[in-house]
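Here is how the chains run, residue by residue.
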Amino acid sequence: MRTISEIFDFLCSIAPLELQMDFDNSGFLFGRKDTEINKILLSLDVTDSVVKEAIDCGAQLIVSHHPLIWGAPKAITDTIAYTERLLTLAENKIAVISMHTNLDCALGGVNDVLIRKFCTLVEEGRVDGCGRIGILDEPMSMNDFLMLCKKRLSCKGIRYYDSGRKVHRIAVLGGAGA
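Residues numbered from 1 in each chain as written. Predicted model: local features only at pLDDT ≥ 70, side-chain atom pairs only at ≥ 80, totals over all residues. Heavy atoms only, no water.

Enquirer: An account of the pairing of strand β5 (residues 61-64) is requested, with residue identities and associated values reported.
Expert: Neither face of β5 is exposed, since Leu 61 and Val 63 on one face and Ile 62 and Ser 64 on the opposite face are all buried. Sheet topology note: the strand β4 (residues 40-43)/β5 ladder contains four bridges and is parallel. In the strand pairing of β5, Leu 41 is matched with Ile 62. Taking the sense of rotation as the criterion, the β-α-β connection linking β4, helix α2 (residues 48-57) and β5 turns out right-handed. Sheet topology places β5 next to strand β6 (residues 95-98); four bridges connect them, and they run parallel. Residue Val 63 lies in a different strand from β6, and its bridge partner there is Ile 97. Between β5 and its parallel partner β6, the chain crosses via helix α3 (residues 81-91), and the hand of that crossover is right-handed. (Buried < 20%, exposed > 50% of the residue type's maximum accessible area, 1.4 Å probe, protein only. Helix = DSSP H or I, 4+ residues; strand = E, 2+ residues; numbered from the N terminus. Pairing = 2+ DSSP bridges. Right-handed = clockwise from strand over helix to strand, strands pointing away.)

Enquirer: Explain the layout of surface pockets to me, using residue names and the numbers behind them.
Expert: Within this model, the second largest pocket holds a volume of roughly 200 Å³. In terms of lining residues, the second largest pocket is bounded by Leu 11, Ile 14, Ala 15, Leu 42, Ser 43, Leu 44, Val 63, Ser 64, His 65, Met 99 and Leu 103. Going through the elements one at a time, α1 (4-14), β4 and β5 are the ones with two or more residues in the lining of the second largest pocket. (1 Å grid on protein atoms, 1.4 Å probe; cavity = no way out; pocket = protein on both sides within 12 Å on 5 of 7 lines; lining within 4 Å. Points joined across faces, edges and corners; volume = space filled by probe spheres on them.)

Enquirer: Outline the sheet that holds β4, supporting the account with residue identities and numerical values.
Expert: What the four strands build is an open sheet, ordered β2-β6-β5-β4; its pairing is mixed. What marks the edges here is a single partner per strand, and that holds for β2 (27-30) and β4. On average, each strand axis in the sheet is tilted by 25° relative to the strand beside it, whichever way the strands run. α2 rests against β4 and β5 of the sheet, and its axis sits at about 160° to β4. (Axes fitted to C-alpha atoms, helices over the stretch in contact; angles between N-to-C directions. Contact = heavy atoms within 4.5 Å.)

In structure tokens:
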């Protein structure tokens, strides 16, 4: 078995906290660092249903992408949905680690995975520290590129602007890139 501290150190070796954007709150956010873990639940967000699933499956740790805590709560009671979730986590001894913009920006992280969904040729370096730029194998119309996006990302809707030119060079900046 591993402790939360060991798991957190491992995650930070992949996505160092120094990479997170200044508004972010990635890290070991809730729990006791020396707790031994035998089951982890991975999630995008720490919602009520995720907390229930963690309880139901016996997980001692939730590793989420989006941070559980964004700002300092003014009270922690069962009358506020967000802090009720904190109380439930505490009562069930479930810890939370969140790896957000540091995972977006890490080499091999979210933005690298996104750009490689479309491009075999990826330009060296990063855009604004976090984004990635790549070259499509062949230029294509905006409509064809949008259909490729929907297929490769399994998404239902896309917001876009069509300049009327073929798409050849793309940039990705997930999450905080809005």
